[in-house]
Amino acid sequence: MAQVVSLTTPTTIAPWQDRAQAKVKSTMSKIPPEWRLSKEQLDTAKTTRKLTGTFFQSFLNPRELEITKYPSVILVERIRTKRFCALEVASAYSKAAAVAHQINNCLHEIMFDQALARARELDEYQHEHNKTIGPLHGLPVSLKDQFHVKGTDTTMGYIGWIDTYEGSKDPEKVHLVESQIVKELLSLGAVLYCKTSLPQTLLVREYLSCGERRIVSPMCVGSLCLKLFGQFGETVNNLIGRTLNPVNQNLSCGGSSGGEGALLALGGSSVGIGTDIGGSVRIPAAFCGVYSVKPTHNRFSYRDAANTNPGQNTYPSSVGFLSTSLDGLQLIMSSVLSTKPWLRDPEVASIPWRQQAVDEVLHRTSAENGSVKSGERPLKLGIYWTNGEVEPQPPIKRGLRMVVEAVQMAGHKIVDWNPPSQTTAKRVHLAFLLADGAHDVHTQLALSGEPLIPSLEKTFKLRDPINLLEYQKLTLEGRDYSAAYSDYWNSTDCDDGQIVDAVIMPVAPHAAVIPGKYYHTAYTEAINLMSYSAAVIPVTLADKTLDPYDKSYQPRGEVDKLNWEAYDPEIYHGAPVGVQIVAKKYEEEKVLAIAKVINAALLASQKEMELS
């Protein structure tokens, strides 16, 4: 089993390590003594392959289990009808998060005291006014550690950001800035109780330069030729170390919103906020077996949220959402949009939540099994089996087949999806992520003197930024790729007059990955380049019997070979398998509704198989 190891092995403790250790100690001190686990329990957790389910639940009492088993929509309804009070819900989720962090190392910030005080205020308000503050009244919401909350650090994994505002010691900003989406959540009645782990830099990649011996797929950016190799989709930093997958500790929880995925999988949250610039809410959702939506980048506010290289806004990051239920995603997205975030953030598109777009899809199908209602038009869905560069491993291929069979059984149309190659999209997108020559990353590292973690040393080696002409050339390539993809999508009505509603595709060419073996990111990156809307749903679990290693497969190239040979049925056994459902820009409502239809069809198909 993969173990958390020291990221550096110096002979003496460096000043940055002292700061990191003090921060970790301070965070742990915020866990009440009665919620702390014994050394024996912690040791058992380290050697337990599956932390989710029975093992995690053994630390909660019956009332806490009852509260934390409910999805977000039921939680807020039970608080509204006074079957639960906000205080006991906040207490249950705070304890669950405390346990999750101790066994899985998934939190950066603990805000339990603030959460309990907030919950008391909400209960008092409800008692006095006989109504709730808003649609999220009393709902615990976890946050990726990019969002500023008053009175709390936002380190984003950087040691130099401890007790500062993004490295600044300006007394008018330190612990006083609040991200716009945080203000919106609080105005809606949410309870904020923890901030979750993420990787150093937010962009966990490794490349090898042309001179290196281990050469993989070339990705040329101007005069710099990149060779991708090593880690992506990991959550590891110098502050807390590594967060593993609680469903299978041999594997990664994904990244960069990895702590969110892990916390949700364990049951320490029902809904959380993350970000996505290359797959960062979709990958953890798929790896950890939960649901997510990546919106178009400016549908929700990024104002006053921390970020890596924030000046790169050609292909900006999206605020995204993860939840244990699709209804939870709808609740939080529709609620946040009800505050009209575009009035406070000029970057946000002025598009309110369009319930009619959800209803237009759902009224055509049965809520019970996703099947097409008599007289209604079925959904037309594309299926992207492979991008032709890196073949999905056996568990993913089986997951795709399961979804297709379920959707067809429900009466919907499936067509093969053959868009422009993702190779161009990946090359262009990666070039923009690394365009500043890692200057922003090194500026943050220099605040404390902390080093890059070993897996990032080559990717983020300080170098010259790409020049303006190259930047503009890449911008045009990205524009042309998006146009070609859109043209292909629009051409799908030529046979039957019906355009494809959405596309089912892999999130990655593997289930939750073995640490250090995420070699190919194009399945998610291409979607970011076009800023399409995307949802992730869990499908099944990897099974060593159903998903044997195929020795007859002939890889297309070296990256494909690396990916295929990395598959080990024994190690992957029990790993979550998810798929992403992709719609066009600003179609968050539509893609969520289609995800609900596919999810219902899939659950009905699985139930039928169990009964047969």
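Since the structure is predicted, the reported quantities are computational estimates derived from the model, not experimental observations.

## Section: the overall build of the chain
Then step 1. Along the backbone of the chain there are 20 helices and 15 strands.
Then step 2. Since a compact globule built from 612 residues should have a radius of gyration of about 25 Å, the 23 Å found for the chain is in line with a globular shape.
Then step 3. For the chain, the spread of C-alpha atoms along the three principal axes comes to 60 × 60 × 50 Å.
Then step 4. The 612 residues of the chain split such that 61% are buried.
Then step 5. Long-range contacts, defined as pairs at least 24 residues apart, comprise 80% of the intrachain contacts of the chain with a sequence gap of at least 6.
Then step 6. As presented, the chain carries roughly 23,100 Å² of accessible surface, and 52% of it is formed by carbon and sulfur atoms.
Then step 7. Averaging the coordinates of the 62 positive side-chain charges in the chain and doing the same for the 66 negative ones gives two points 1 Å apart.

## Points about the pairing of strand β8 (residues 271–276)
Then step 1. By the criterion of burial, β8 is predominantly enclosed, with six of the six residues buried.
Then step 2. Side-chain alternation along β8 places V271, I273 and T275 on one buried face and G272, G274 and D276 on a second face that is also buried.
Then step 3. Relative to β8, strand β2 (residues 140–144) is paired through two bridges, and the arrangement is parallel. Bridge assignment links L143 to a residue of β8, and that residue is I273.
Then step 4. In this structure, β8 lies alongside strand β10 (residues 318–323), joined through six bridges in antiparallel fashion. Across the sheet, the residue bridging to G274 is G320, located in β10.

## Side note on the nonpolar core
Then step 1. Counting residues in hydrophobic clusters, the biggest one holds 129 residues, and the most contacted among them are V141, L185, I273 and I332.
Then step 2. Per-element tally for this core: the top contributor is helix α6 (residues 86–104), with 11 residues.
Then step 3. Setting aside residues up to four positions removed in sequence, I273 forms contacts with V141, S142, L143, K144, F147, I181, L185, E260, V319, G320, F321 and I332.
Then step 4. Formed by 22 residues, the second largest nonpolar core is a distinct cluster that contains A425, V428, Y481 and M530.

## Some points on the pattern of salt bridges
Then step 1. According to the stated counting rule, one finds 28 salt bridges in the structure shown.
Then step 2. As a salt-bridge pair, K413 and D496 come within 3.0 Å of each other at their nearest N and O atoms. A residue pair is termed long-range when its members are at least 10 positions apart, and K413 in strand β12 (residues 413–416) and D496 in the loop between α16 (468–490) and β13 (502–506) qualify at 83 residues.
Then step 3. Relative accessible area serves as the criterion here: at 30%, K413 is assigned to the partly exposed category.
Then step 4. Linking D501 and K590 is a salt bridge whose minimum nitrogen-to-oxygen distance equals 3.4 Å. Separated by 89 residues along the polypeptide, D501 in the loop between α16 and β13 and K590 in helix α20 (residues 588–611) bring together distant segments of the chain.
Then step 5. Connected through shared salt-bridge partners, R299, R354, E588 and E589 make up one network.

## Regarding the packing of aromatic side chains
Then step 1. Summed over the entire model, instances satisfying the criterion amount to 19 aromatic pairs.
Then step 2. Both rings, one in Y553 and one in W564, keep their centres 4.3 Å apart while their planes meet at 40°; by these two values the pair is tilted. With a gap of 11 residues between them, Y553 in the loop between β14 (533–541) and α18 (558–565) and W564 in helix α18 connect regions that are remote in the sequence. Per residue, the accessibility class of Y553 equals that of W564, and both read buried.
Then step 3. Here the aromatic cluster, defined as three or more aromatic residues joined through ring pairs, consists of W417, Y481, Y485, Y488, W489 and Y532.

## Digging into the state of the cysteines
Then step 1. On inspection of all chains with the given rule, the structure shows zero disulfides.
Then step 2. The closest cysteine sulfur to the non-disulfide-bonded C106 is located on C194, 7.5 Å from its own sulfur.
Then step 3. Using a relative accessible area of 0% as the deciding quantity, one classes C106 as buried.

## Side note on the pairing of β14
Then step 1. Where burial is concerned, most of β14 is hidden: seven out of the nine residues are buried.
Then step 2. Pairing geometry for strand β9 (residues 291–294) and β14, over three bridges, is antiparallel. Residue S292 lies in a different strand from β14, and its bridge partner there is V536.
Then step 3. Relative to strand β15 (residues 576–583), β14 is paired through eight bridges, and the arrangement is antiparallel. By the bridge assignment, L541 is partnered in β15 with P576.

## Here we look at the packing of helix α5 (residues 72–80) against helix α11 (residues 326–337)
A packed helix pair is summarised by two numbers, namely the angle formed by the two axes and the spacing between the axes.
Then step 1. Contact pair α5 / α11: the axes reach a minimum separation of 7 Å and the direction vectors enclose 65°. Judged by residue contacts, S72, V73 and V76 of α5 engage D327, G328 and L331 from α11.
Then step 2. Among the residues forming the contact of α5 with α11, the class breakdown is three nonpolar, two polar and one charged.

## Some details on the layout of surface pockets
The gaps left among the atoms become clear once a water-sized probe is rolled over them.
Then step 1. Empty space within the second largest pocket amounts to approximately 660 Å³.
Then step 2. Forming the walls of the second largest pocket are 33 residues, and the residues nearest its centre are Y302, N307, P310, N313 and P316.
Then step 3. Secondary-structure elements contributing two or more residues to the lining of the second largest pocket are β8 and α14 (422–433).
Then step 4. Here the residues of the lining of the second largest pocket sort into 13 nonpolar, 13 polar and seven charged.

## A short note on helix α7 (residues 112–129)
Then step 1. For α7, with 18 residues, the first-to-last C-alpha span of 26 Å sits near the 26 Å given by 1.5 Å per residue.
Then step 2. Where α7 is buried, its residues touch α5, α6, β1 (107–110), α8 (180–187) and β3 (191–196).
Then step 3. Two residues or fewer past α7, N130 is found with a positive phi of approximately 55°.

## What about the side chain of R242?
Then step 1. Inspection of the secondary structure puts R242 in strand β7 (residues 241–242).
Then step 2. For R242, a relative accessible area of 14% corresponds to the buried category.

Calculation notes
- Residues numbered from 1 in each chain as written.
- Predicted model: local features only at pLDDT ≥ 70, side-chain atom pairs only at ≥ 80, totals over all residues.
- Heavy atoms only, no water.
- Helix = DSSP H or I, 4+ residues; strand = E, 2+ residues; numbered from the N terminus.
- Rg over C-alpha atoms; globule rule 2.2 N^0.38 Å.
- Buried < 20%, exposed > 50% of the residue type's maximum accessible area, 1.4 Å probe, protein only.
- Contact = heavy atoms within 4.5 Å.
- Areas by Shrake-Rupley, 256 points an atom, 1.4 Å probe, with all protein chains shown as cover.
- Lys, Arg positive; Asp, Glu negative; His and termini not counted.
- Charge placed at Lys NZ, Arg CZ, Asp CG, Glu CD.
- Pairing = 2+ DSSP bridges.
- Core = buried A, V, L, I, M, F, W, Y, C linked by side-chain atoms within 4.5 Å.
- Salt bridge = Lys/Arg side-chain N within 4 Å of Asp/Glu carboxyl O.
- Phe/Tyr/Trp six-rings, centres within 6.5 Å; stacked < 30°, edge-to-face > 60°.
- Disulfide = S-S within 2.5 Å.
- Axes fitted to C-alpha atoms, helices over the stretch in contact; angles between N-to-C directions.
- Nonpolar A, V, L, I, M, F, W, Y, C, P; charged D, E, K, R; others polar.
- 1 Å grid on protein atoms, 1.4 Å probe; cavity = no way out; pocket = protein on both sides within 12 Å on 5 of 7 lines; lining within 4 Å.
- Points joined across faces, edges and corners; volume = space filled by probe spheres on them.
- Expected span 1.5 Å × (residues − 1).

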